[in-house]
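The residues making up each chain are set out below.
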Amino acid sequence: AVVSTQSTGSVDTVKHVTISYCKRLGLHSAELTISKRGYPPLGGGSVTFTCNTLKTIKPIQWIDPGKVWRIRGVASCSRMSPATNPRVIDRSHGILNAFLPDVYIYNEHLKGFNSGKSSGHSLCLYTESTTEVMVSVDCTAQPQTLPEDLATETTQLLLDTIHTGGCVDSRHQYLPLLFMALSQSNVSTLCTGPLTPFSISFLRNLKLFLGVVFKIKVKTLDSKEVGNRKGLNSFLLLSCLGAGFENINRAMI
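Here is a short report on the structure shown in this document. Quick caveat, the model's predicted, so the values are computed rather than measured.

## Some thoughts on the overall build of the chain
Right, on to step 1. Helix and strand counts for the chain stand at five helices and 12 strands.
Right, on to step 2. Taking 18 Å as the expected radius of gyration for a compact globule of 253 residues, we find that the chain reaches 20 Å, a close match to that expectation.
Right, on to step 3. Over its C-alpha atoms, taken along the principal directions, the chain stretches across nearly 65 × 55 × 30 Å.
Right, on to step 4. Here the chain holds 253 residues, and the buried ones make up 46% of them.
Right, on to step 5. Here the contacts in the chain between residues at least 6 apart in sequence split such that 73% fall between residues at least 24 apart.
Right, on to step 6. Split by element, the accessible area of the chain, about 13500 Å² in all, is 57% carbon and sulfur.
Right, on to step 7. Across the chain, 25 positive and 17 negative side-chain charges occur, with their mean positions spaced 6 Å apart.

Following this line, the structure appears as structure tokens:
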């Protein structure tokens, strides 16, 4: 299997950010283990995912993005020079340390059996806020891409994602929306940045299949108020009444 591509994202994003969202939504034992990494075109990666089941889904109230207090990341490369990751990390630190001192990027250099069948390198960056909100970006290098160029591109994407604001990044908007639609018959609210075309289509499908309609409200921030972040100066507040889904599966005797 290929576990890191430019179109589908990095497995590191799933392990560190998607799993974190799942735990906040009730899947407390969700865990992803990376056995082998794989880069295109031949892949060769292997992962193991485990999680608990839910009988019902509780409504969520994700309305406070908080303030970013640290940035973490994973620089990974397979079947390449050991000097590749340090070059990526140094460039990312050079940009991010101008905004935040608490930045740490883990260096993961793989070779041999655990490195898959193709060479490649990638960078995943994610933030943690004072309200446990995490947003992430990742990039997988194309052939002949310099490590410094990969670091610059990924870091700029992270800064753009922070700028848009919200309690969830654009890649993960669908996840809380799905849990909101399936939750019990109470109101759930999500604060997010601009909706992606995928999220808009996803909302239409939720209305078609579950009959759940979301109310969307624009929340404007006062940029002159002390402590407000500089960004788009507005968020989207999405709220809905859950469909009351219940898991009626019973253990076999």
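Once the structure has been displayed, the description carries forward.
## What to know about the pairing of strand 11 (residues 215–220)
Right, on to step 1. The buried fraction of strand 11 amounts to zero of the six residues, a small share that puts the element mostly on the outside.
Right, on to step 2. Pairing geometry for strand 11 and strand 12 (residues 234–241), over six bridges, is antiparallel. Directly across from Lys219, in strand 12, lies its bridge partner Phe235.

## Observations concerning the packing of aromatic side chains
Right, on to step 1. The full count for this structure, using the stated rule, is four aromatic pairs.
Right, on to step 2. Relative to Phe198, the ring of Tyr174 has its centre 6.3 Å away and its plane inclined at 90°; by these criteria the two rings are edge-to-face. In this pair, Tyr174 sits in helix 4 (residues 174–182) while Phe198 sits in helix 5 (residues 197–210), placing the two residues 24 residues apart along the sequence.
Right, on to step 3. Residue classification places Tyr174 among the partly exposed residues on the basis of a relative accessible area of 29%.
Right, on to step 4. Among the residues examined, Phe198 registers a relative accessible area of 53% and is labelled exposed.
Right, on to step 5. Both rings, one in Phe198 and one in Phe202, keep their centres 6.2 Å apart while their planes meet at 15°; by these two values the pair is stacked. Linking Phe198 with Phe202, this pair stays in helix 5, spanning four residues, or about one helical turn.

## Re the environment of Val218
Right, on to step 1. Here Val218 is to be found in strand 11.
Right, on to step 2. Separated by 133 residues in the primary sequence, Val218 and Asn85 place their C-alpha atoms 41 Å from one another.

## Considerations on the nonpolar core
Right, on to step 1. In this structure, Trp62, Leu177, Met180, Leu190, Leu206 and Phe214 are the most contacted members of the largest nonpolar core, which totals 36 residues.
Right, on to step 2. Within the residue set of this core, elements represented by two or more residues are helix 1 (11–24), strand 8 (120–129), helix 4, strand 10 (187–192), helix 5 and strand 12.
Right, on to step 3. Top contributing element to this core by residue count: helix 4, with six residues.
Right, on to step 4. In contact with Leu206, not counting residues within four places along its chain, are Leu177, Leu178, Ala181, Gly211, Val212 and Phe214.
Right, on to step 5. By size, the runner-up hydrophobic cluster in this structure holds 18 residues, among which are Ile71, Leu100, Ile105 and Val135.

Rules of the game
- Residues numbered from 1 in each chain as written.
- Predicted model: local features only at pLDDT ≥ 70, side-chain atom pairs only at ≥ 80, totals over all residues.
- Heavy atoms only, no water.
- Helix = DSSP H or I, 4+ residues; strand = E, 2+ residues; numbered from the N terminus.
- Rg over C-alpha atoms; globule rule 2.2 N^0.38 Å.
- Buried < 20%, exposed > 50% of the residue type's maximum accessible area, 1.4 Å probe, protein only.
- Contact = heavy atoms within 4.5 Å.
- Areas by Shrake-Rupley, 256 points an atom, 1.4 Å probe, with all protein chains shown as cover.
- Lys, Arg positive; Asp, Glu negative; His and termini not counted.
- Charge placed at Lys NZ, Arg CZ, Asp CG, Glu CD.
- Pairing = 2+ DSSP bridges.
- Phe/Tyr/Trp six-rings, centres within 6.5 Å; stacked < 30°, edge-to-face > 60°.
- Core = buried A, V, L, I, M, F, W, Y, C linked by side-chain atoms within 4.5 Å.

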